[in-house]
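Each chain, written out:
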Amino acid sequence: MNYQYISGFSDEISQDIKVQFEALNRMGISFFEPRGINGKNISKLTEEELYDLKEMMDQYGIRVSSIGSPIGKIRVTDDFEEHFEMFQRMVKATKILGTKYIRIFSFYPGEDEVWTEEAKNEAFRRLQCMITYAEKENVVLLHENEKRIYGDTGERCVELMERFYGDHFKAIFDPANSVQVKEDTKKAFEMMKPYISYMHIKDANLSDGYVVPAGEGDGHVEEILRDLFNNGFEGYLSLEPHLGFFEGLQDLELGDKLVIQGDSVEATFALAYQSLLKILERI
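Below you will find a few notes about this structure.

## Some details on the packing of aromatic side chains
- Tallied over the entire structure, the rule returns 21 aromatic pairs.
- Ring geometry for Tyr5 and Tyr236: centres 5.4 Å apart, planes at 75°, overall edge-to-face. Residue Tyr5 is located in the segment before strand 1 (6-8), and its partner Tyr236 is located in the loop between helix 8 (221-230) and strand 12 (237-239); the two are separated by 231 residues in the primary sequence.
- Judged by its relative accessible area of 28%, Tyr5 falls in the partly exposed class.
- A relative accessible area of 15% means that Tyr236 is categorised as buried.
- Geometrically, the ring pair formed by Tyr165 and Tyr195 is edge-to-face, given 5.1 Å between the ring centres and 70° between the ring planes. Of this pair, Tyr165 sits in the loop between helix 5 (154-164) and strand 8 (169-173) while Tyr195 sits in the loop between helix 7 (185-192) and strand 9 (196-201), and the two are 30 residues apart along the sequence.
- Given a relative accessible area of 33%, Tyr165 falls into the partly exposed group.
- Looking at Tyr195, the relative accessible area reads 16%, which means it is buried.
- By the ring-pair criterion, three or more aromatic residues cluster together here, those being Tyr3, Tyr5, Phe31, Tyr101, Tyr198, Phe229, Phe233 and Tyr236.
- Positioned above the aromatic ring of Phe107, the side-chain terminus of Arg126 is 5.5 Å from the ring centre.
- Positioned over the ring face of Tyr150 is Arg156, at 4.7 Å from the centre of the ring.

In C-alpha cells form, the structure reads like this:
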C-alpha cells in the first residue's frame, strides 16, 4: 500500500533541523510534525525563526502535517493567560508553515492529581476558549489521548468529542498511549473511531509499558489502520517512535519508558518507518 500522508516527529532523529530534513529526504518522507527545532521547542520560535524554518522546508521539499505543540500540557491550576498567548503564537505558526492542524492536550489536574468536578470544568473552559479562537482563525485542534491529561482514556476522549467535536476540534489516536493507561486499545479505538482524523504511530507492551516498533506491541496498530482505511481514512500517519533517547524527551513526554533500538538515532526512526511500511504492505 503506497500511502502518501506519512509524517513524523523528526526531532527524534536530531535537534538540528538540517539533519532532520536530510534524513527525511533519504527515507522518502515528505511531511514532518515540528516540535524540536534547533534546540528550541516549536512554541518558542520567533516569527523570524518560523519564516527561516519555512524557507528550509521549501529547500528540502518538506511540508508540515501538524504543529507538534505542547498546548494543553500544563495543570489546570497553572496560569492560562500566558499559555493562551503561546497558543495564539502556534496559530500564527500554522499560517507561516502552511498547515491547518495543531496537536493539543486537555490539561493535567492540579497538584493533588485528582480530577475533581472543579478541575474538569476548568479544563473544559480552557478548551472552549481555544476552540473559539480556532474557529475564528480557521485552524483545527487535534486532541491527543496523552497519559494523565483529562482525555487520557477512550471514555474521556469520547466525552470531550461529544462536547466539542466539530470542524475545529478533532481527535488524534495514539495506540501506545492507550496501552500505557492500561486500557483495551481496540475497545478505546472503537469508541473514538468516529472522531479520529489523525494517527500517531506508536506501539507499546501492556506488561511493562515499554515502547516498541509498530506491530510488535499490544496496540493493535495493524488492525486499527486496516479498520480506518476500510472506512475511508485519508489522514496523516505521524511516526512518534520513542525507540531511543533524544534531546528534550524527558521534559516533553514526562518520563515515557523507552527502549534503545538500532545503532543510531536515525536508525531508530528508520526502524519505526520500516515497521509502518510493513504494516501498510500487509494491508
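Continuing now.
## Looking at the packing of helix 1 (residues 17-27) against helix 10 (residues 265-282)
- At their nearest, the axes of helix 1 and helix 10 sit 11 Å apart, and the two run at 40° to each other. Seen along the crossing, helix 1 lies across helix 10 with a hand that is right-handed. The segment helix 1 lies against helix 10, with Ala23, Leu24, Arg26 and Met27 engaging Glu266, Phe269, Ala270 and Tyr273.
- Grouping the amino acids of the contact of helix 1 with helix 10 by side-chain chemistry returns six nonpolar, no polar and two charged.

## Description of the sheet that holds strand 9
- Reading across the sheet, the six strands line up as 1-12-9-8-7-6 and stay open at both edges, with parallel pairing between neighbours. What marks the edges here is a single partner per strand, and that holds for strand 1 and strand 6 (101-104). Taken over all neighbouring pairs, the strand axes of this sheet differ in orientation by 30° on average, direction set aside.
- With three bridges joining them, strand 8 and strand 9 adopt parallel strand pairing. Bridge pairing links Phe173 to Met199 in strand 9.
- The sheet contacts of helix 5 involve strand 7 (140-144) and strand 8, and relative to strand 8 the element is tilted by about 160°.

Rules behind the numbers
- Residues numbered from 1 in each chain as written.
- Predicted model: local features only at pLDDT ≥ 70, side-chain atom pairs only at ≥ 80, totals over all residues.
- Heavy atoms only, no water.
- Phe/Tyr/Trp six-rings, centres within 6.5 Å; stacked < 30°, edge-to-face > 60°.
- Helix = DSSP H or I, 4+ residues; strand = E, 2+ residues; numbered from the N terminus.
- Buried < 20%, exposed > 50% of the residue type's maximum accessible area, 1.4 Å probe, protein only.
- Lys NZ or Arg CZ within 6 Å of the ring centre and 35° of its normal.
- Axes fitted to C-alpha atoms, helices over the stretch in contact; angles between N-to-C directions.
- Left-handed = near helix turned anticlockwise from the far one by under 90°.
- Contact = heavy atoms within 4.5 Å.
- Nonpolar A, V, L, I, M, F, W, Y, C, P; charged D, E, K, R; others polar.
- Pairing = 2+ DSSP bridges.

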